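Spelled out from the first residue to the last, the chains are:
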Amino acid sequence: ADPVEPDPSAAEPSFRGKEKLPNLTLAAADVAAGLDPVAEGETGGDGYVGFHRTFGETRLGGSHLIALRAETRLYESAAAAAAAAKNLARQAGRLTHAREAAKAFADETDVRATNVEARALAGTKGGPSGVVVTFDLDGAKFRIVSIFIRSGRMIETVSGVCRATAFDPDDLVPVAERARKRLVA
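Residues numbered from 1 in each chain as written. Predicted model: local features only at pLDDT ≥ 70, side-chain atom pairs only at ≥ 80, totals over all residues. Heavy atoms only, no water.

(A) Representation of the sheet that holds strand β2 (residues 48-55) within the structure. Taking strand neighbours across the sheet as the criterion, the seven strands line up as β1-β2-β5-β9-β8-β7-β6 in an open arrangement whose pairing is antiparallel. Looking at which strands have only one partner, the edges of the open sheet turn out to be β1 (37-45) and β6 (113-120). Between one strand axis and the next, the sheet turns by 15° as a mean value, whatever way the strands run. In the sheet, strand β7 (residues 129-137) pairs with strand β8 (residues 140-151) via nine bridges, with the strands oriented antiparallel. Among the inter-strand pairings, Thr-134 is bridged to a residue of β8, identified as Arg-143. Its contacts with the sheet put helix α5 (residues 91-109) on β6, β7, β8 and β9 (154-163), and the angle it makes with β6 is roughly 140°. (Pairing = 2+ DSSP bridges. Helix = DSSP H or I, 4+ residues; strand = E, 2+ residues; numbered from the N terminus. Axes fitted to C-alpha atoms, helices over the stretch in contact; angles between N-to-C directions. Contact = heavy atoms within 4.5 Å.)

Below, the structure written as structure tokens:
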């Protein structure tokens, strides 16, 4: 008898529903009239598949953002998404997110980010968790605010970046709420 080879797809994680990610991710209509994304596409990493949409310069409340980015990650299970959300709620997880976010922004500008700091976003009790990242680029202080929204097997991150003095983290909250409504719809 011929040996039976194991089915390689049996060991692969199931990301059933990933085709819905573009519709579940923050869209232009959720941000501002006439705003189009400057980039969008699939993402992926250890244990998730995702979709991101990035918008260029925009105003939110009194903040003038350089960029606004939303990424929705789909995990294999609700437990995996819960573990990822729990990690983001810890200081070590926030710092890892901060370093990744600052590095991504610095890579776009070809300048190395220094003095990267992260703290929990204040004022979101009972609501979404978040992180405020500050860092220096070539002598200027910048701020990235990220808000994390979890629904079942998904976590959406809505992040804005701007010079630190021109970005009030509270200005991102209404946009994150619109992202949450889209994610849970």
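From this point, the narrative continues.
(B) Just the packing of aromatic side chains, in detail. Under the counting rule described, the total for this entry stands at four aromatic pairs. Where Phe-105 meets Phe-142, the ring centres are 5.5 Å apart and the plane angle is 55°; that geometry is what we call tilted. Placement of the pair is Phe-105 in helix α5 and Phe-142 in strand β8, with a sequence separation of 37 residues. Assessed through its relative accessible area of 8%, Phe-142 is described here as buried. On the numbers, 6.0 Å between centres and 20° between planes, the contact of Phe-135 with Phe-142 is stacked. Residues Phe-135 and Phe-142 agree in their burial class; the two are buried. (Phe/Tyr/Trp six-rings, centres within 6.5 Å; stacked < 30°, edge-to-face > 60°. Buried < 20%, exposed > 50% of the residue type's maximum accessible area, 1.4 Å probe, protein only.)

(C) Seen up close, α5. With 19 residues, α5 extends 27 Å from end C-alpha to end C-alpha; this agrees with the ideal 27 Å at 1.5 Å per step. For α5, the set of buried residues is Gly-93, Arg-94, His-97, Ala-98, Ala-101, Ala-102, Phe-105 and Ala-106. Check the buried side of α5 and you find it contacts α4 (78-89), β6, β7, β8 and β9. Positive phi shows up at Asp-110, right after α5, with a value of about 60°. (Expected span 1.5 Å × (residues − 1).)

(D) Structural detail: the environment of Arg-90. With respect to the element layout, Arg-90 can be found in the loop between α4 and α5. Spatially, the C-alpha atom of Arg-90 lies 8.7 Å from that of Ala-120, the residues being 30 residues apart in sequence.

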